[in-house]
Amino acid sequence: MSISSLLTPKNVEFSKNDQLIHDYILKYPQRTKLMTIQKLASNTGTSIAAVQRFCLKLSFNGFKVHAIVSDDGYLLDHIVTKASVHDAKETVELITNAHPDNRYLLGDEGYLGKNLHQRLKQMGYTLWTPYRKNMKNAQKHNKHYLMALRRTIESDFSLLSYYNAENNRARSLAGFQERLEVAILAYNMAYCLERFN
């Protein structure tokens, strides 16, 4: 997802300050990546509140990490997007980057949808997602051993919170990315030490 698509949502009118902030970020994307809100406000001649309002107008209320993990819990790849991006939108890119050995993928209910299943099938992968309880044939489809494997992966993945992946408190996108990558590295090192010792 490009910076310009993040900063140019449909049906949003920009104020004069919004336009100043928008134009500055597009003109200096690398420089802006390392800035705090205070510095961005100062460089654009606006206020901290104006930058915060600009973020809210874009429905930008944080970051979301999309990840792919092996069936035994090793984190293969991740992508950081704004919080409002649906998991299914990033799946193909994650698969393309990670090239998982296992051709059978497990997901949660957020990955239900024929388009994604067919796209992954064209790439040679089969995506299994549990059906919602009210869906036809849910009991037959929701195999106990697959649900148990998914729960194991989810609980392994939730260990990232132990390494402060959720409470990042970074003041810039670059800081967020750096702290997240340190948490993932620590998680994967702990995984390797436990697995191979």
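Given the structure is predicted, the values throughout are model-derived calculations rather than measurements. (Residues numbered from 1 in each chain as written. Predicted model: local features only at pLDDT ≥ 70, side-chain atom pairs only at ≥ 80, totals over all residues. Heavy atoms only, no water.)

Things to note about the packing of aromatic side chains
Piece 1. Under the defined criterion, the tally for this structure stands at three aromatic pairs.
Piece 2. Both rings, one in Phe-14 and one in Phe-54, keep their centres 5.6 Å apart while their planes meet at 45 degrees; by these two values the pair is tilted. Remark: Phe-54 occurs in helix 5 (residues 48–57) and Phe-14 occurs in the loop between helix 1 (3–7) and helix 2 (16–27); sequence separation between them is 40 residues.
Piece 3. Under the relative-accessibility criterion, Phe-14 is labelled partly exposed at 24%.
Piece 4. Pairing Tyr-74 with Tyr-191 gives two aromatic rings, centres 5.2 Å apart and planes at 55 degrees, and the pair type is tilted. With a gap of 117 residues between them, Tyr-74 in the loop between strand 1 (63–69) and strand 2 (75–82) and Tyr-191 in helix 10 (residues 173–196) connect regions that are remote in the sequence.
Piece 5. Residue classification places Tyr-74 among the partly exposed residues on the basis of a relative accessible area of 29%.
Piece 6. Positioned above the aromatic ring of Tyr-125, the side-chain terminus of Arg-103 is 3.9 Å from the ring centre. (Phe/Tyr/Trp six-rings, centres within 6.5 Å; stacked < 30°, edge-to-face > 60°. Helix = DSSP H or I, 4+ residues; strand = E, 2+ residues; numbered from the N terminus. Buried < 20%, exposed > 50% of the residue type's maximum accessible area, 1.4 Å probe, protein only. Lys NZ or Arg CZ within 6 Å of the ring centre and 35° of its normal.)

Points about the packing of helix 6 (residues 87–98) against helix 7 (residues 114–122)
Piece 1. Running from N to C, helix 6 and helix 7 point in directions that differ by 5 degrees, and their axes come no closer than 10 Å. Taken together, helix 6 and helix 7 sit at an angle that is classed as roughly parallel. Across from Ala-88, Thr-91, Val-92 and Ile-95 in helix 6, the residues of helix 7 making contact are Leu-116, Arg-119 and Leu-120.
Piece 2. Of the residues contributing to the contact of helix 6 with helix 7, the split by class is five nonpolar, one polar and one charged. (Axes fitted to C-alpha atoms, helices over the stretch in contact; angles between N-to-C directions. Parallel < 35°, antiparallel > 145°, perpendicular 65-115°, else oblique. Contact = heavy atoms within 4.5 Å. Nonpolar A, V, L, I, M, F, W, Y, C, P; charged D, E, K, R; others polar.)

Examining helix 6
Each turn of an α-helix holds 3.6 residues, which means side chains three or four residues apart point in the same direction.
Piece 1. In a regular helix each residue adds 1.5 Å, so twelve residues correspond to 16 Å; helix 6 covers 16 Å between its end C-alpha atoms and thus fits that length.
Piece 2. For helix 6, the complete set of buried residues consists of Asp-87, Glu-90, Thr-91, Val-92, Leu-94, Ile-95 and Ala-98.
Piece 3. Looking at the packing, one finds that the buried side of helix 6 touches strand 1, strand 2, strand 3 (104–106) and helix 7.
Piece 4. His-99 sits one or two residues past helix 6 and shows a positive phi near 45 degrees. (Expected span 1.5 Å × (residues − 1).)

Observations concerning unusual backbone geometry
Piece 1. Even without being a glycine, His-99 presents a positive backbone phi close to 45 degrees.
Piece 2. Its location among the elements puts His-99 in the loop between helix 6 and strand 3.

Overview of the pairing of strand 1
Piece 1. Two elements, strand 1 and strand 2, share seven bridges in a ladder whose sense is antiparallel. Each bridged residue has a counterpart across the sheet, and for Ala-67 the counterpart in strand 2 is His-78.
Piece 2. Joining the antiparallel neighbours strand 1 and strand 2 is a turn of five residues, in which Gly-73 adopts a positive phi near 105 degrees. (Pairing = 2+ DSSP bridges.)

Examining the nonpolar core
Piece 1. Of all hydrophobic cores here, the largest spans twelve residues; its members are Ile-68, Ile-79, Val-92, Leu-94, Ile-95, Ala-98, Leu-105, Tyr-111, Leu-116, Leu-120, Tyr-125 and Leu-127.
Piece 2. Mapped onto this core, the elements with two or more residues apiece are helix 6 and helix 7.
Piece 3. With four residues, the top contributor of residues to this core is helix 6.
Piece 4. Val-92 has contacts with Leu-116, Arg-119, Leu-120 and Met-123, leaving out every residue within four places of it along the chain.
Piece 5. Among the nonpolar cores identified, the runner-up in size contains ten residues, and Tyr-24, Met-35, Phe-54 and Leu-58 belong to it. (Core = buried A, V, L, I, M, F, W, Y, C linked by side-chain atoms within 4.5 Å.)

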